[in-house]
Amino acid sequence: MAEPSAKRDGSESEKLSTNTLEDSKTVLENSEAPVPFTVTPVRQNSSSNSAGDKYSPNRNSFRKNFAHFELGDDGEAGDTQNSITSLLSSKFRDLSKRWKQYGEESPRFRKRLVSKWESLNYDKIDSTLHQQDNELQKKKSKRRLTFEWIIRWFMMFLVGIGTSLLAAGVHISVELVSHEKFLLIAKYLDECSENNCLIKPVAIWCAINLGITLLGASLVTYVQPRAAGSGIPLIKSYLNGIRVPGLLSLRAFIAKTVGVILSILGGLACGKEGPMAHSGGIIAAGLGKGRIPWFSRDIKVYSMFRTDHDIRDFVAAGAASGVSAAFGAPVGGTLFSVEEAASFWNTDLVWHVFFSAMIACFSTNFLLSAFEGHPTELSHPGLVRFNTFPNLTFDLIEIPVFIIMAVVGGLIGALFVVMNYKLTIFRQKYLHRHNWIKVAEAGLVSVVCAIIGFLLMFGVNECTTAEPSRRHATTSKMFCSGDSHNSMSTLFLTTPEGCLKSLLHDPLDSYSPVALTAFIILFFLLSVWTYGLSVSSGVFIPSLALGAAWGRLMGMGVVQLFPEQAKDVGKYALIGAASQLGGILRTTISLTVIIVECTGDISFGLCIMITLMISKWVGDFFTTGLYDMNIEVSGIPLLSSEPPPLCENVKASELMSQPVLSIYPVEKVGHIIDILENETFHGFPIIDQDPSSFLQAKGKLHGLILRSQLLIMLQKKVFAPEGQKIKKKLTLNDFNDPHSVPVHLTIKDIEITEEEKHHVIDVRPYMNRTPYTVTPDFSLARVFRLFRGLGLRHLVVVDEEFQNGQKTYIQNSSISKTPRAFMKTKPKCTLITIS
């Protein structure tokens, strides 16, 4: 593990000041070796010390010398942006350094931390209260477990049904309205091309796009900003263990579903398939929680699945169901949830997720087939299908061509990520200061899309007699005579899904190389500009359409060079689409299965897999994937699938500074309030103070208490004057019921009088009696795997001491997010937390 730029021992930690962040940034900018972490104190100790001494007069004065550190500022992405900027610029400034960045001589450990993010509690609390509840349930445990097993499968069924209803509703709405929209525009284009009044259809096109997009952008911006984009990066972060406020709310559902319809109808270069994963996750979370949020209140339905662990499983199933309904790929949707989203898996969860995805696929197929007038044929398994390719075979001599296309896809994908990153940073610095600017930018992009579509149709002005492959394709004659039509109208007078199908299946002579080249350049720029707007939009379909366009262009060249070997450009368009999607998103297994399921031909699976793997490798050489880039820019601390390299020699005792705040089994209410007001930790060790030590943080470990538990105990006033018995007792429902206690309860919402602050509170019945513990010599790699594999939020590192025959005591410390900034100290024991 690379050490921080400034090593500090216990005595030096007392000298830290507010200049720490500036010094760290200076070192980061001037030093050639990457500095992994920056730290800054976020509070002074004067106010909290006085409060702590007031309500805890017997406490020692260690708090006066205690400095609590957090990384970042107020939850913004300032430090994150600097680290990503240096990363991307260094890669393009000197590619030769790429080979040294992950070598033994210069290891890289990049951790960007922002304190506003809170983690989920996946670990069950082993408290006396839980044990008493289990004792009461012993007699009916078998019946209760059987009932819970049945209900869980039934809920997965409902998740699939709900996602399919939503997918069908969104698809039908888009198809009906967009068809009428483009028919109107084509009508005026045909008329005005003869009467020299082309400004009229352009004005109509721009006005329709502008009005619809402004409405969709306003819905997302002012109702729920978490609904912007595809939502997959945030869903991935949630399933990794990060609590994202507002992500699974009713407002987000409305803004996401209605917003994606308006985004597509507004002419933006986006798709509805990505947002389906987010929408499916919201449906699953709502069904799992059993409550309907209505303004500031919740309508209670049932309370069987309320823990973070259960809701996580439902959200994973919802995300898989959304992808399955979008592409008609239940296996691909399950693998997508495994590979791209969730971090913690087991066999039962895989079966639940696959069952939900299969139900979503079948139900969507039935609904769309019924809409087409033949419900029993089941010929529409997903919102977008690549349809059947007439000649989807390949020769071994074509594999080198596919490899070259994969490299091109990886390069274009890396360029897409870099340009979108730069644009995202520019938006955060200058455009996202006011909400009206977000809405105005989305409207501007929609108008530009309409103008570019018209200019390509007018400027290229190529006529073709080739019949479009789609039955209901909208075309415009626009200066063409006879049975011919403008070739570019097939690509722009349709939705992005229709554009993709045209590029995959239209005849060879439908588009000229000049038309395709112009389309590729401008559509690439529009796609980069669109992703990141304050609208509900996805990147799946634009990526596939862009790759299909340049894949079709390369296929036309192969046909000209080898007319006997290559007769169909459709498969080259398919390879281009796959490599472009892999180069942008950097997923392999799930995308391979999704594309194979969409085409319905397994014989071409080898070529698709090779293409996706190579495009991912090429893209990873330059940048991270698009979703990972968005997560990093947002400052969300994400646990990767593997621990950092070369960290086996880093011990648990070296991870962070000390000491951490700890709590006694019976504590003063005023001291608890002081801690919750001034600290951001979400877990506190319960200890008995060592009478031989002057440090309050040293003592025998009894358990662990969560911030949320302390808040509820204060809200319920589970305390009494010192020396008197606490009569009020809490039950499990008091901790899980969102009706009696607000879901987002904070210390500011609790009213405690001055007299009550001198009362005492007993945390022993509610604390986790058996928290996970390790020794100080535990390596960082093993700590990382424990957090990743078990879904931990807290890990206690204990050190045994035998002094004069006394019992074992511990000393502890904490960080706000794990793995986080690691201060070079030698604590005898540590509490590692994901806060």
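Above this text you will find the structure in question.
Note that the structure is a prediction, hence the values are computed from the model and not measured.

Draft legend 1. Summary view of the pairing of strand β14 (residues 794-797). Residues of β14 alternate between two faces, with His-794 and Val-796 on one and Leu-795 and Val-797 on the opposite face, all of them buried. Where strand β13 (residues 773-774) meets β14, two bridges bridge the pair, whose relative direction is parallel. Counterpart to Thr-773 in the pairing with β14 is Val-796. Note that the unit made of β13, helix α26 (residues 780-790) and β14 has a crossover that is right-handed.

Draft legend 2. Representation of the packing of helix α23 (residues 669-678) against helix α24 (residues 707-715). The N-to-C vectors of α23 and α24 enclose an angle of 135°; their axes lie 11 Å apart at closest approach. Compared by their axis directions, α23 and α24 come out oblique. Note that α23 runs across α24; the crossing there is left-handed. Contacts between α23 and α24 pair Val-669, Ile-672, Ile-673, Ile-675 and Leu-676 from the former with Arg-707, Leu-710, Leu-711 and Leu-714 from the latter. Split by residue class, the contact of α23 with α24 holds eight nonpolar, no polar and one charged.

Draft legend 3. Summary view of a nonpolar patch on the surface. Nonpolar side chains collect at one region of the surface, where Leu-176, Val-177 and Phe-371 lie side by side and expose about 250 Å² of accessible area between them. Assignment of secondary structure puts Leu-176 in helix α5 (residues 141-195). We classify Leu-176 as partly exposed; its relative accessible area is 47%.

Draft legend 4. Summary view of the environment of Thr-393. As for its position among the elements, Thr-393 is in the loop between α12 (347-372) and α13 (399-431). Of the residues examined, Thr-393 reaches a relative accessible area of 46% and is grouped as partly exposed. Along the primary structure Thr-393 and Asp-601 are separated by 208 residues, whereas in three dimensions their C-alpha atoms are 9.5 Å apart.

Draft legend 5. Structural detail: the packing of aromatic side chains. Within the structure shown, the criterion is met by 14 aromatic pairs. Taking 5.1 Å as the distance between ring centres and 15° as the angle between the ring planes, the aromatic pair formed by Phe-519 and Phe-523 counts as stacked. In this pair, Phe-519 and Phe-523 are both assigned in helix α17 (residues 513-530), four residues apart and thus about one turn of the helix distant. For the residue pair Phe-519 and Phe-523, the accessibility class agrees, reading buried in each case. The structure contains a cluster of three or more aromatic residues connected by ring pairs, namely Trp-149, Trp-153 and Phe-355.

Calculation rules
- Residues numbered from 1 in each chain as written.
- Predicted model: local features only at pLDDT ≥ 70, side-chain atom pairs only at ≥ 80, totals over all residues.
- Heavy atoms only, no water.
- Buried < 20%, exposed > 50% of the residue type's maximum accessible area, 1.4 Å probe, protein only.
- Helix = DSSP H or I, 4+ residues; strand = E, 2+ residues; numbered from the N terminus.
- Pairing = 2+ DSSP bridges.
- Right-handed = clockwise from strand over helix to strand, strands pointing away.
- Axes fitted to C-alpha atoms, helices over the stretch in contact; angles between N-to-C directions.
- Parallel < 35°, antiparallel > 145°, perpendicular 65-115°, else oblique.
- Left-handed = near helix turned anticlockwise from the far one by under 90°.
- Contact = heavy atoms within 4.5 Å.
- Nonpolar A, V, L, I, M, F, W, Y, C, P; charged D, E, K, R; others polar.
- Patch = residues over 30% accessible without salt bridge, like charges linked within 9 Å, V, L, I, M, F, W, Y side chains within 5 Å.
- Areas by Shrake-Rupley, 256 points an atom, 1.4 Å probe, with all protein chains shown as cover.
- Salt bridge = Lys/Arg side-chain N within 4 Å of Asp/Glu carboxyl O.
- Phe/Tyr/Trp six-rings, centres within 6.5 Å; stacked < 30°, edge-to-face > 60°.

Taken by themselves, the reported measurements are silent on function.
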